[in-house]
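Survey of secondary and tertiary structure
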Amino acid sequence: MRLVLGSRSPARLATLRAAGIEPVVLVSSVDEDRVLREAGDVTPTEAVTLLAEAKAAVVARAHPAMAGDVVIGCDSMLELDGRVLGKPADADEARARWRAMRGRTGHLHSGHCVILADGTTSSAVSTTAVHFADVSDEEIDAYVATGEPLHVAGAFTIDGLGGAFVRGIDGDHHGVVGISLPLVREMLVGLGVRWTDLWTAT
């Protein structure tokens, strides 16, 4: 049994590898804007759940050769002041985000959807409070110039250069990275799959 990761996120891949799992990576072609537009008015947790489900479903349908494996789709968004923040469109938006986030607390929502070979599906969300440091304009400019915040939800990482700008979290660290290992294990257990069966043989 293998885990099929429907995500191009290097952070999710690294997290799974560190946990003893070498997933098959199959990136979905989901139009995220379209999914959310068709869903209408949804909460942040509903939004990440819908996107995770859409990604997992596309991968499961498009790759029938993987039917014996466990497919997982994920999506993350940062909520601040009731607004959902995905990946910034450009450097200017990333700088504006950080000026709004610094010294404050946001909530990182990561949606997960697991699909088994028989079509059984389970969805769940990990939510972690993220306390941002009161960084200076110069630090924000330097961070944005690295390009890192342009490719991640909320314009920050906790496992990269942005880690120094997060002064603490309340919740699961892995959920902030983008895939909550404890939550996924619980989801799999609920579906009758043992987490340890996914460990890569050495």
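Throughout what follows, the structure given in this document is the object of discussion. (Residues numbered from 1 in each chain as written. Predicted model: local features only at pLDDT ≥ 70, side-chain atom pairs only at ≥ 80, totals over all residues. Heavy atoms only, no water.)

**Overview of the pairing of strand β6 (residues 121–132)**
Where strand β5 (residues 105–115) meets β6, 11 bridges bridge the pair, whose relative direction is antiparallel. Pairing of Ile115 across the sheet is with Thr121, part of β6. As consecutive antiparallel partners, β5 and β6 are separated by 5 residues, and within that stretch Gly119 has a phi angle of approximately 90°, a positive value. For β6 and strand β7 (residues 166–170), the ladder comprises 4 bridges, and the chain directions are antiparallel. In the strand pairing of β7, Val130 is matched with Ile169. (Pairing = 2+ DSSP bridges. Helix = DSSP H or I, 4+ residues; strand = E, 2+ residues; numbered from the N terminus.)

**Digging into the pattern of salt bridges**
One side chain can pair with another of opposite charge once the charged atoms of both are near each other. Going through the model one piece at a time under the given rule, you end up with 12 salt bridges. Linking Arg34 and Glu38 is a salt bridge whose minimum nitrogen-to-oxygen distance equals 2.9 Å. Of this pair, Arg34 and Glu38 are both found in helix α2 (residues 32–39), 4 residues apart, which corresponds to roughly one turn of the helix. A salt bridge links Arg104 to Asp81; its shortest N-O distance comes to 2.5 Å. (Salt bridge = Lys/Arg side-chain N within 4 Å of Asp/Glu carboxyl O.)

**Remarks on the packing of α2 against helix α3 (residues 44–62)**
Two packed helices can be described by the angle between their axes and the distance between those axes. The geometry of α2 relative to α3 is characterised by a closest axis approach of 10 Å and an angle of 125° between their N-to-C directions. When the axis of α2 is compared with that of α3, the two are oblique. As for the relative orientation of α2 and α3, their crossing is right-handed in sense. Residue-level contacts link Glu32, Val35, Leu36 and Ala39 of α2 to Ala47, Leu50, Leu51, Ala54 and Lys55 of α3. (Axes fitted to C-alpha atoms, helices over the stretch in contact; angles between N-to-C directions. Parallel < 35°, antiparallel > 145°, perpendicular 65-115°, else oblique. Left-handed = near helix turned anticlockwise from the far one by under 90°. Contact = heavy atoms within 4.5 Å.)

**Description of the environment of Ala19**
Relative to the helices and strands, Ala19 resides in the loop between α1 (10–18) and β2 (24–25). For Ala19 and Leu198, which are 179 residues apart along the polypeptide, the C-alpha to C-alpha distance reads 9.9 Å. Dropping the residues within four chain positions of it, Ala19 is found in contact with Leu181, Trp195 and Trp199.

**Regarding the nonpolar core**
Residues Leu78, Trp98, Val130, Phe132 and Phe156 are the most contacted members of the largest nonpolar core, which totals 22 residues. Broken down by secondary-structure element, the contributors of at least two residues to this core are β3 (70–80), α4 (91–101), β6, α5 (137–145) and α6 (173–177). If near-sequence neighbours (up to four positions away) are discounted, Phe132 is found in contact with Leu78, Trp98, Met101, Arg102, Gly103, Arg104, Gly106, Phe156, Phe165, Val166 and Arg167. Leu3, Ile21, Val70 and Leu183 belong to the second largest nonpolar core, which has 19 residues in total. (Core = buried A, V, L, I, M, F, W, Y, C linked by side-chain atoms within 4.5 Å. Buried < 20%, exposed > 50% of the residue type's maximum accessible area, 1.4 Å probe, protein only.)

**Digging into the environment of Pro182**
Mapped onto the elements, Pro182 comes out in helix α7 (residues 181–190). For Pro182, a relative accessible area of 41% translates into the label partly exposed. For Pro182 and Pro88, which are 94 residues apart along the polypeptide, the C-alpha to C-alpha distance reads 28 Å. Each residue touching Pro182, except ones within four places of it in the same chain, is listed here: Asp172 and His174.

**Focus: unusual backbone geometry**
The phi dihedral of Asp81 falls on the positive side, at around 55°, and the residue is not glycine. Here Asp81 shows up in the loop between β3 and β4 (83–85). The class for Asp81 is exposed, based on a relative accessible area of 59%. For Ala155, which is not glycine, the phi torsion reads 65° and is therefore positive.

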